[in-house]
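Commentary on secondary and tertiary structure
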Amino acid sequence: MKEKIHLKKKDWILILVIIVVAGLSFFLHNLLGAKGANCVVVKVDGKIEGTYSLGKDQEISINGGTNKLAIKYNRASMVEADCPDQLCVKQRSISKAHESIICLPNKVVVEVESAEGSTFDAISN
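Worth saying up front: this structure is predicted, and the values here are computed from it rather than measured.

Cut-offs applied
Residues numbered from 1 in each chain as written. Predicted model: local features only at pLDDT ≥ 70, side-chain atom pairs only at ≥ 80, totals over all residues. Heavy atoms only, no water. Helix = DSSP H or I, 4+ residues; strand = E, 2+ residues; numbered from the N terminus. Buried < 20%, exposed > 50% of the residue type's maximum accessible area, 1.4 Å probe, protein only. Contact = heavy atoms within 4.5 Å. Areas by Shrake-Rupley, 256 points an atom, 1.4 Å probe, with all protein chains shown as cover. Salt bridge = Lys/Arg side-chain N within 4 Å of Asp/Glu carboxyl O. Patch = residues over 30% accessible without salt bridge, like charges linked within 9 Å, V, L, I, M, F, W, Y side chains within 5 Å. Core = buried A, V, L, I, M, F, W, Y, C linked by side-chain atoms within 4.5 Å.

Things to note about the overall build of the protein chain
- When helices and strands are counted, the protein chain shows 2 helices and 7 strands.
- For the protein chain, the N- to C-terminal ordering of α and β elements is α-β-β-β-β-β-α-β-β.
- Counting every position in the protein chain, which comprises 125 residues, the buried fraction comes to 24%.
- Here the contacts in the protein chain between residues at least 6 apart in sequence split such that 33% fall between residues at least 24 apart.
- Just so you have it, the protein chain exposes about 9200 Å², and 60% of that area is on carbon and sulfur atoms.

Things to note about the pattern of salt bridges
- Evaluated as defined, the whole model comprises 2 salt bridges.
- Measuring nitrogen to oxygen at the nearest pair gives 4.0 Å for the salt bridge that ties Lys68 to Glu59.
- For Lys68, a relative accessible area of 27% puts it in the partly exposed group.
- For Glu99, the salt bridge identified is with Arg92, shortest N-O distance 2.9 Å.
- Owing to a relative accessible area of 16%, Glu99 belongs among the buried residues under this scheme.
- In this structure Arg92 comes out as exposed when scored by relative accessible area, which is 57%.

Re a nonpolar patch on the surface
- A cluster of nonpolar residues, Ile5, Leu7, Trp12, Ile15 and Ile19, forms a patch on the protein surface that exposes about 550 Å² of accessible area.
- Within the secondary structure layout, Ile19 lies in helix α1 (residues 9-33).

Points about unusual backbone geometry
- At Asn63, a position not held by glycine, the phi torsion is positive, near 55 degrees.
- Within the secondary structure layout, Asn63 lies in the loop between β3 (58-62) and β4 (67-72).
- In this structure, Asn74 takes a positive phi of about 65 degrees despite not being glycine.

Structural notes on the nonpolar core
- Among the nonpolar cores identified, the biggest contains 20 residues, and Val40, Ile62, Leu69, Ile71 and Val110 are the most heavily contacted of them.
- Discounting residues that sit within four places of it in the chain, Leu69 has contacts with Val40, Val42, Gln58, Glu59, Ile60, Ile62, Ala76, Ser77, Met78 and Val110.

Some details on the environment of Ala70
- Looking at where Ala70 falls in the secondary structure, it is placed in strand β4.
- Overall, the relative accessible area of 6% leaves Ala70 in the buried class.
- On a C-alpha basis, the gap between Ala70 and Glu59 in space is 4.4 Å, while along the polypeptide they are 11 residues apart.
- The contact partners of Ala70, leaving out residues within four places of it in the chain, are Gln58, Glu59, Arg75, Ala76, Ser77 and Val79.

Below, the structure written as structure tokens:
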């Protein structure tokens with residue numbers, strides 16, 4: 001037979017504290033992650049093709065028209081690509097520092113960057 005698990009008052013308090021800490025961590029991560037993120041850098045085959053503000057709604061043709069990037073409401077998303085799998089188009093829009101959209105067949109990388117310099121380098125970040 002199964003025994004019923006009886007939780008004491010201290011167990012419920014511990015569970016509540018863990019849930020509150022997890023919720024606060026998630027909230028702070030979302031709040032602080034967007035701070036300073038104000039532009040997207042578009043790279044094709046490792047070379048910077050352009051830097052665009054997230055504050056200005058626009059559509060950008062990338063790599064001679066193989067990809068199309070849309071920036072709306074401080075978020076960037078790939079809306080069109082001529083690659084067969086369309087994975088870059090299916091990715092969610094990006095808005096926080098160091099988020100990226102990658103189109104491997106066309107060698108396109110779109111990454112959100114901050115205007116403020118980071119104290120971390122590529123290895124420790």
